[in-house]
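# Breakdown of the fold
Listed here are the chains, written in short residue letters.
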Amino acid sequence: MRIDLESILKKLLKCNNLNCITNQPREEAKAKFQIKSVEPIILQCYYCERYLTENEILKQLDK
Ligand SMILES: [Zn+2]
């Protein structure tokens, strides 16, 4: 089975920058990330360019 990591991450994760457009309730923007590195995983927010590290991702998935 092939897992589409990118689409899973986009659905599950939020940008950690509280000022990011994706964290503004009035904005329609959905979180969107570019994969900068896979091992270890590092994502970058498409909108504010903040990096999301593996630890931050694991914290979000742990909820
Ligand atoms: Zn962001």
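All figures in this text were calculated on a predicted structure; none of them were measured in a lab.

## Overview of the nonpolar core
Listed in full, the six residues of the largest apolar core are Cys 15, Ala 31, Phe 33, Leu 43, Cys 45 and Leu 52. Not counting residues up to four positions away in its chain, the partners in contact with Cys 15 are Cys 20, Thr 22, Asn 23, Ala 31, Cys 45, Cys 48 and Arg 50.

## Brief notes about unusual backbone geometry
Residue Pro 40 is reached from Glu 39 by a cis peptide bond, and omega for that bond is 0 degrees. Here Pro 40 shows up in the loop between β1 (33–38) and β2 (41–45). A positive phi angle is found at Glu 49, which is not glycine, with a value near 70 degrees. Taking the number of C-beta atoms within 10 Å as the measure of exposure, Glu 49 has 11 and is therefore exposed.

## Describing the confidence of the model for the chain
The pLDDT averaged across the chain works out to 86; a share of 94% of its residues lies at or above 70. Within the chain, no element has a lower average pLDDT than helix α1 (residues 5–12), which sits at 71, and none a higher one than strand β3 (residues 51–53), at 95.

## Quick look at the pairing of β1
Here β1 pairs with β2 via five bridges, running antiparallel. Considered in β2, the bridge of Val 38 is made with Ile 41. The loop that links β1 with its antiparallel partner β2 comprises two residues.

## Some remarks on the sheet that holds β2
With antiparallel pairing, the three strands of this open sheet are ordered in space as β1-β2-β3. This sheet does not close on itself; its edge strands, each paired only once, are β1 and β3. Sheet twist, expressed as the average angle between the axes of neighbouring strands with direction ignored, equals 25 degrees. Pairing geometry for β2 and β3, over three bridges, is antiparallel. By the bridge assignment, Ile 42 is partnered in β3 with Thr 53.

Cut-off values and rules
Residues numbered from 1 in each chain as written. Predicted model: local features only at pLDDT ≥ 70, side-chain atom pairs only at ≥ 80, totals over all residues. Core = buried A, V, L, I, M, F, W, Y, C linked by C-beta atoms within 7 Å. Buried ≥ 20, exposed ≤ 12 C-beta atoms within 10 Å, placed from the backbone. Contact = placed C-beta atoms within 7 Å. Helix = DSSP H or I, 4+ residues; strand = E, 2+ residues; numbered from the N terminus. pLDDT = per-residue confidence, 0-100. Pairing = 2+ DSSP bridges. Axes fitted to C-alpha atoms, helices over the stretch in contact; angles between N-to-C directions.

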